[in-house]
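Listed here are the chains, written in short residue letters.
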Amino acid sequence: MPKDNNNKSFEIALSGISCAFAVIFLSLGILSGVLLATGYCLGIVALMLPLSKKFYFGDFFAYLGTCVLTLIFGAAAKFWDLVPFIMFFGLHPLINALQIKFNVNKIVAFIIKAAWFDATLVVGYLLVFGGLLGGSMLPQEVYDFVNSNIYILIFTVGTVVFLIYDIIIFRCQAGVNYLMYRIRK
């Protein structure tokens, strides 16, 4: 068998495994509610598997499959919980890998990705919270302040949070790359 066909078979298999793990983690996270952040994190790491071998198309199709299958396996009832993953978190590792592949300026890439992250936070605020935060954990004055300054908070605090998140995701990808290198020796 030619090497190229073997490589494509490996890409399909690795992408399928990646998709399967991401669907399991996301579905459990969304259906449990409590484990939503954990499901996101593990789903993101699962989608890094094809990127460790530079399978960009495989990763993209694993992402699409993850979104569709997670909806089919129960997330349709809680679609709003999956929106941030669809809009940003599922694609972010792929964008980071393409940033490295095409040697995009780090500052330009950061500005674009931070704006994308902030836009996702705005959509999440409007879609999940209906444009109004509230609750009983904090005094009402805190919620009033946050609601009246939400866009300033998103574009300042959100950007700082994204900076930390972006660094963590780059390091996670390096760890996944190392593990995949060790496994495929």
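Cut-offs and rules
Residues numbered from 1 in each chain as written. Predicted model: local features only at pLDDT ≥ 70, side-chain atom pairs only at ≥ 80, totals over all residues. Heavy atoms only, no water. Axes fitted to C-alpha atoms, helices over the stretch in contact; angles between N-to-C directions. Helix = DSSP H or I, 4+ residues; strand = E, 2+ residues; numbered from the N terminus. Parallel < 35°, antiparallel > 145°, perpendicular 65-115°, else oblique. Left-handed = near helix turned anticlockwise from the far one by under 90°. Contact = heavy atoms within 4.5 Å. Nonpolar A, V, L, I, M, F, W, Y, C, P; charged D, E, K, R; others polar. 1 Å grid on protein atoms, 1.4 Å probe; cavity = no way out; pocket = protein on both sides within 12 Å on 5 of 7 lines; lining within 4 Å. Points joined across faces, edges and corners; volume = space filled by probe spheres on them. Patch = residues over 30% accessible without salt bridge, like charges linked within 9 Å, V, L, I, M, F, W, Y side chains within 5 Å. Areas by Shrake-Rupley, 256 points an atom, 1.4 Å probe, with all protein chains shown as cover. Salt bridge = Lys/Arg side-chain N within 4 Å of Asp/Glu carboxyl O. Buried < 20%, exposed > 50% of the residue type's maximum accessible area, 1.4 Å probe, protein only.

Q: Explain the packing of helix α7 (residues 106-128) against helix α9 (residues 150-183) here, please?
A: Between two packed helices, what matters for the description is the angle formed by their axes and the separation of those axes. The geometry of α7 relative to α9 is characterised by a closest axis approach of 8 Å and an angle of 125° between their N-to-C directions. Taken together, the axis directions place α7 and α9 in an arrangement best described as oblique. For the pair α7 and α9, the sense of crossing is right-handed. Facing α7, whose interface residues are Phe 110, Lys 113, Ala 114, Phe 117, Asp 118, Leu 121, Val 122, Tyr 125 and Leu 126, α9 presents Ile 150, Tyr 151, Ile 154, Phe 155, Gly 158, Thr 159, Phe 162, Leu 163, Asp 166 and Phe 170. Taken together, the residues that form the contact of α7 with α9 break down as 14 nonpolar, 2 polar and 3 charged.

Q: Can you walk me through the layout of surface pockets in this structure?
A: Once rolled over the atoms, a probe with the size of a water molecule shows which space is left empty. Space inside the largest pocket adds up to approximately 610 Å³. In terms of lining residues, the largest pocket is bounded by 25 residues, among which Tyr 40, Pro 84, Phe 89, Phe 117 and Leu 121 are the most central. Listing elements by their share of the lining of the largest pocket, those giving two or more residues are α2 (36-46), α5 (79-89), α7 and α9. For the lining of the largest pocket, the residue count by class is 22 nonpolar, 2 polar and 1 charged.

Q: Where do I start with the environment of Thr 159 in this structure?
A: With respect to the helices and strands, the residue Thr 159 is situated in helix α9. Setting aside residues up to four positions removed in sequence, Thr 159 forms contacts with Phe 110, Ala 114, Asp 118 and Ile 154.

Q: Help me understand a nonpolar patch on the surface in this model?
A: Among the surface-exposed residues, Phe 79, Trp 80, Val 123, Leu 127, Val 128 and Phe 129 lie close enough to one another that they form a single nonpolar patch of about 520 Å² accessible area. Looking at the nonpolar patch, the elements with two or more residues in it are α5 and α7. Ranked by the residues each element gives to the nonpolar patch, the list is headed by α7, at 3 residues. The partly exposed category is assigned to Leu 127, whose relative accessible area is 46%.

Q: Help me out: how do you make sense of the environment of Leu 69 in this one?
A: In this fold, Leu 69 is placed in helix α4 (residues 56-72). Residue Leu 69 is classed as partly exposed on the basis of its relative accessible area, which comes to 32%. In this structure the C-alpha to C-alpha distance between Leu 69 and Ile 183, which are 114 residues apart in sequence, comes to 27 Å. Setting aside residues up to four positions removed in sequence, Leu 69 forms contacts with Cys 19 and Val 23.

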